Amino acid sequence: MAKITLENVKKSYGKIDVIHGIDWEIRDGEFVVIVGPSGCGKSTLLRMIAGLESITSGDISIGDRVVNKLEPAERDIAMVFQNYALYPHMSVYKNMAYGLKIKKIPAYEIDRRVRDTAKLLEIEEYLDRQPRALSGGQRQRVAMGRAIVRQPSVFLFDEPLSNLDAKLRVQMRLEIKRLQENLGITSVYVTHDQVEAMTLGDRLAVLNAGYVEQLGTPIEIYERPETVFVAGFIGSPSMNLLAATISTDGTIAELAGGSKIALSQVQLPGQKVTFGIRPEHIKIGKTETSLSFTVAISELLGADTLVYGSLTGGTQLVIRLEGIRKLSEGEQLDIDFPHDLHHLFDGTSGKRL
Amino acid sequence: MIENRPFVTILAHTALVLGVLLVAFPIWITFVAATHEAARMTQVPLPLWPGDQFFVNLKQVMLKGVGGENATPVWLMMANSLLMAMMIAVGKIAISLLSAFAIVYFRFPFRMGFFWMIFITLMLPVEVRIFPTFKVVADLGMLNSYWGMTIPLIASATATFMFRQVFLTIPDEMLEAARVDGAGPMRFFKDILIPLSRTNIAALFVIMFIYGWNQYLWPLLITTETGYFTVVMGIKQMLEAAEQAPDWHLIMMTALLAMLPPIVVVLSMQKMFVKGLTETEK
């Protein structure tokens, strides 16, 4: 077990900067999820921690050791790969034992550890099988087993669930959470799936184009996104982000189409802003401040209904309503944006106001 | 394709049977000739059914050889051929595996340059560079030695290229997983790469063994001492050495023996051979 410290970590391929200086401390035993769109550098960052990718500048420490120049095997880490990367010619047992064998751990100790881990993951009966005789979920377990058996101080997960079908993914997600809590090993988990990001991590890092946009607990990030990017990225369907201008007295945001939204607090008059509201926070019902909304399409998901449509003036919106609500095209609704649940971002920098 | 047309089936089978007969007939004649006495082989028509001299001829050929008192016994030629074929096959595989490993997994200056240099040697088989190669081997004092017979034939661009392609199909994560597990480059090579290219190695072994076994020109140039003669050369010498009519029954017996090892290799490694050339799943 160990903390991981990143100090001004940068990565460039030739002249192209991929990671622009990340400072970050992952506490001992913490489960951190790195989330971001494809190409944001999240896998690169993980592979730099693993030692599979060199660091252009800065320092990475695991525990109290700077590991910049150490080989992956010397960093006391274990990694679970997206495509599992099991050795196809070795049995499950040998796959799990391989790293220990190289470390020259005595055979009886290897045997004990492999069997204990297999028991923990319920893969005892497959120990003699070849990976090709296993299903995706079983392979995933073996890949986890290969990581656990090494008793590392850090686990690194590189999108480990993205090759599984939806049902298995939920099951394995819960299992990873449970295992990490029981073993208490510092873990870094990379994903592009926001459900995984929200449910797994103690803390979440949202990465965009090589910058950490925001770092915090999943709830903090959901409730108080620091930038427009984070606001749009976390949450499904994503937050409604509307271009608006603050009125001269600073109490009203005026949308492009002319609709006026009352604000909870006075803002800089005349400023260009992005007004954000989550689909699930929009209320229906006539009030003094309510706006008129025209339904275009509604999607019935069973537990809730997504309504797509526009305000007068043409601003597009998504609303999420609980339960099944049958709405037909062209139907008019009165909607309201609760004061305490909207977000305002600077119109040019995208930072939260 | 499943068809139920008797005429087509019969036609197909006839064609196949004829093809097999066409290929098998000379081998049958060889076998028949090897079972008769010398006298019978000079009479017309040539026999089409086996005689009773098979073991007599076998013993004569194996132990005494063909062509008088100082003839090389065929067992020695067979041993020479076997050693040469094995050295060439194993040597080619070892060198090609290592060079493909270097080219695929290491970043060194002029990496692609070296790859293309190896690739270009495809255009320079032994027959093309035979004089310079002979000169080099002679200057190194390797005439009349197994090294001289094999080393110039060992470097193989084909095999290097084939292993390169095999290694490129192995996902990068395999290397990364091995690095996380603490395997160094040679350990990765031995524990992961070689087992994963097992079938390809087998396929290449079959091809290269037969290539080595069938070498004629090169051993003919390099060896003058009869103790180094290979069986393929030997058969030719038997035809020339005899002052009287060639001992056809004994020559045919030698030819029959010379056919055996390649057949054994192909039959015993058939399954792996096919897998190695066709299997792509990793």
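Predicted, not measured: the structure shown is a model, and the values here were computed from it.

### A short note on the overall build of chain A
- Looking only at helices and strands, one finds 8 helices and 20 strands in chain A.
- Taken along its principal axes, the extent of the C-alpha atoms in chain A is 75 × 45 × 35 Å.
- In chain A, which comprises 353 residues, the share counted as buried stands at 53%.
- Long-range contacts, defined as pairs at least 24 residues apart, comprise 63% of the intrachain contacts of chain A with a sequence gap of at least 6.
- Each charge class in chain A was averaged separately, 41 positive and 44 negative side chains, and the resulting centres sit 7 Å apart.

### Digging into the nonpolar core
- Grouped together as the largest cluster of nonpolar side chains are 89 residues, with contacts concentrated most on A:Leu6, A:Trp24, A:Leu156 and B:Phe167.
- Among the elements that make up this core, the one with the highest residue count is helix H4 (residues 74-105) of chain B (11 residues).
- When near neighbours in sequence (up to four residues on either side) are disregarded, A:Trp24 contacts A:Ile4, A:Thr5, A:Leu6, A:Val32, A:Ile34, A:Leu45, A:Arg203, A:Ala205 and A:Leu215.

### Structural notes on the pairing of strand E12 (residues 252-255) of chain A
All names here are of chain A.
- Burial along E12 is one-sided: the residues Ala253 and Leu255 are buried and none of Ile252 and Glu254 is.
- Adjacent in sequence and paired antiparallel, strand E11 (residues 240-246) and E12 are bridged by 5 residues, among which Gly250 carries a positive phi angle near 80°.
- As paired elements, E12 and strand E13 (residues 260-262) share 3 bridges and run antiparallel to each other. Paired with Ile252 across the strands is Ala262, a residue of E13.
- The antiparallel pairing of E12 with E13 creates a hairpin that spans 4 residues between the two strands, and Gly258 there sits at a positive phi of about 105°.

### Quick look at the packing of H4(B) against helix H8 (residues 157-169) of chain B
All names here are of chain B.
- The geometry of H4 relative to H8 is characterised by a closest axis approach of 8 Å and an angle of 50° between their N-to-C directions. In terms of axis orientation, H4 runs oblique to H8. Seen from above, H4 lies across H8 with right-handed handedness. Here H4 contributes Ile93, Ser96, Leu97, Ser99, Ala100, Phe101, Ile103, Val104 and Tyr105 to the contact with H8, which in turn contributes Ala159, Thr160, Phe163, Arg164, Phe167 and Leu168.
- Across the contact of H4 with H8, the residue classes break down as 11 nonpolar, 3 polar and 1 charged.

### Overview of the interface of chain A and chain B
- Counting residues at the interface gives 24 residues for chain A, matched by 18 residues for chain B.
- Of the roughly 1,800 Å² buried at the junction of chain A and chain B (both faces included), carbon and sulfur atoms supply 59%.
- For the pair chain A and chain B, the number of links is 3 salt bridges.
- In this structure, A:Arg150 and B:Asp181 form a salt bridge, with 3.9 Å as the shortest nitrogen-oxygen distance.

### Digging into the sheet that holds strand E2 (residues 16-26) of chain A
Residues and elements named next belong to chain A.
- What the 4 strands build is an open sheet, ordered E2-E1-E4-E5; its pairing is antiparallel. The two strands at the open ends of the sheet, each matched to only one other strand, are E2 and strand E5 (65-66).
- Looking at chain direction, strand E1 (residues 4-13) and strand E4 (residues 57-62) are connected through 5 bridges and run antiparallel. Looking across to E4, one finds that Ile4 is bridged to Ile62.

### Details of the environment of A:Tyr108
- The topology assignment puts A:Tyr108 in helix H3 (residues 107-121).
- The sequence separation of A:Tyr108 and A:His20 amounts to 88 residues, and the corresponding C-alpha distance is 47 Å.

### Considering the side chain of B:Thr230
- Structurally, the position occupied by B:Thr230 is in the loop between helix H12 (217-222) and helix H13 (231-241).
- For B:Thr230, the contacting residues outside a window of four places in its chain are B:Met77, B:Asn80, B:Ser81, B:Met84, B:Met149, B:Gln215 and B:Pro219.

### Let's talk about the packing of aromatic side chains
- Enumeration over the complete set of coordinates arrives at 24 aromatic pairs over all chains.
- An angle of 55° between the planes, with centres 5.8 Å apart, marks the rings of A:Phe155 and A:Phe157 as tilted.
- Overall, A:Phe155 belongs to the buried group, its relative accessible area being 4%.
- A:Phe157 gets classed as buried once you look at its relative accessible area, which sits at 3%.
- A centroid spacing of 5.4 Å and a plane angle of 70° characterise the contact between B:Phe115 and B:Trp116, whose relative ring orientation is edge-to-face.
- On the accessibility criterion, B:Phe115 (3% relative accessible area) is buried.
- Looking at B:Trp116, the relative accessible area reads 46%, which means it is partly exposed.
- Ring pairs connect the aromatic residues B:Phe101, B:Tyr105, B:Phe106, B:Phe163, B:Phe167, B:Phe188 and B:Phe189, which therefore count as one cluster.

### Concerning the confidence of the model for chain A
- Mean pLDDT over chain A stands at 87; residues scoring 70 or higher make up 100%.
- Across chain A, the secondary-structure element scoring lowest on mean pLDDT is E13(A), at 81, and the one scoring highest is strand E3 (residues 31-35) of chain A, at 92.

### Looking at the environment of A:Pro152
All names here are of chain A.
- With respect to the secondary-structure elements, Pro152 resides in the loop between helix H4 (136-148) and strand E7 (154-158).
- Using a relative accessible area of 5% as the deciding quantity, one classes Pro152 as buried.
- Separated by 165 residues in sequence, Pro152 and Leu317 place their C-alpha atoms 48 Å apart.
- Beyond its immediate sequence surroundings of up to four residues, Pro152 is in contact with Asp76, Ile77, Ala78, Ala147 and Ile185.

### Side note on the packing of helix H2 (residues 92-102) of chain A against H4(A)
Residues and elements named next belong to chain A.
- At a minimum axis distance of 8 Å, the contact between H2 and H4 shows a crossing angle of 30°. In terms of orientation, H2 lies roughly parallel with respect to H4. Of the two possible hands of crossing, H2 and H4 adopt the one that is right-handed. On the side of H2, the interface is formed by Val92, Asn95 and Met96, while H4 contributes Val142, Gly145 and Arg146.
- Partitioning the contact of H2 with H4 into residue classes produces 3 nonpolar, 2 polar and 1 charged.

### Description of unusual backbone geometry
- For the peptide bond that leads from A:Ser236 to A:Pro237, omega is -5°, which places it in the cis range.
- Of note, A:Pro237 is situated in the loop between helix H8 (228-233) and E11.
- Of note, A:Glu122 is a non-glycine position whose phi angle comes to about 55°, a positive value.
- The residue A:Glu122 is located in the loop between H3 and H4 in this model.
- Here B:Phe110, not a glycine, exhibits a phi torsion of approximately 60°, which is positive.
- On the secondary structure map, B:Phe110 appears in the loop between H4 and helix H5 (111-120).
- According to the relative accessible area criterion, B:Phe110 is exposed, its value standing at 69%.

### Structural notes on the pattern of salt bridges
- One pass over the structure, following the stated rule, counts 19 salt bridges over all chains.
- Here A:Arg320 ties to A:Asp304 by a salt bridge, and the two come within 2.9 Å at their closest N and O atoms. A residue pair is termed long-range when its members are at least 10 positions apart, and A:Arg320 in strand E18 (residues 316-322) and A:Asp304 in strand E17 (residues 304-311) qualify at 16 residues.
- The class of A:Arg320 is partly exposed, set by a relative accessible area of 25%.
- With relative accessibility at 14%, the residue A:Asp304 sits in the buried group.
- Taking the shortest distance from any N to any O, the salt bridge between B:Asp139 and B:Lys135 comes out at 3.1 Å.

Parameters at a glance
- Residues numbered from 1 in each chain as written.
- Chains lettered and ligands numbered in written order.
- Predicted model: local features only at pLDDT ≥ 70, side-chain atom pairs only at ≥ 80, totals over all residues.
- Heavy atoms only, no water.
- Helix = DSSP H or I, 4+ residues; strand = E, 2+ residues; numbered from the N terminus.
- Buried < 20%, exposed > 50% of the residue type's maximum accessible area, 1.4 Å probe, protein only.
- Contact = heavy atoms within 4.5 Å.
- Lys, Arg positive; Asp, Glu negative; His and termini not counted.
- Charge placed at Lys NZ, Arg CZ, Asp CG, Glu CD.
- Core = buried A, V, L, I, M, F, W, Y, C linked by side-chain atoms within 4.5 Å.
- Pairing = 2+ DSSP bridges.
- Axes fitted to C-alpha atoms, helices over the stretch in contact; angles between N-to-C directions.
- Parallel < 35°, antiparallel > 145°, perpendicular 65-115°, else oblique.
- Left-handed = near helix turned anticlockwise from the far one by under 90°.
- Nonpolar A, V, L, I, M, F, W, Y, C, P; charged D, E, K, R; others polar.
- Buried area = accessible area lost by both parts, 1.4 Å probe.
- Salt bridge = Lys/Arg side-chain N within 4 Å of Asp/Glu carboxyl O.
- Phe/Tyr/Trp six-rings, centres within 6.5 Å; stacked < 30°, edge-to-face > 60°.
- pLDDT = per-residue confidence, 0-100.

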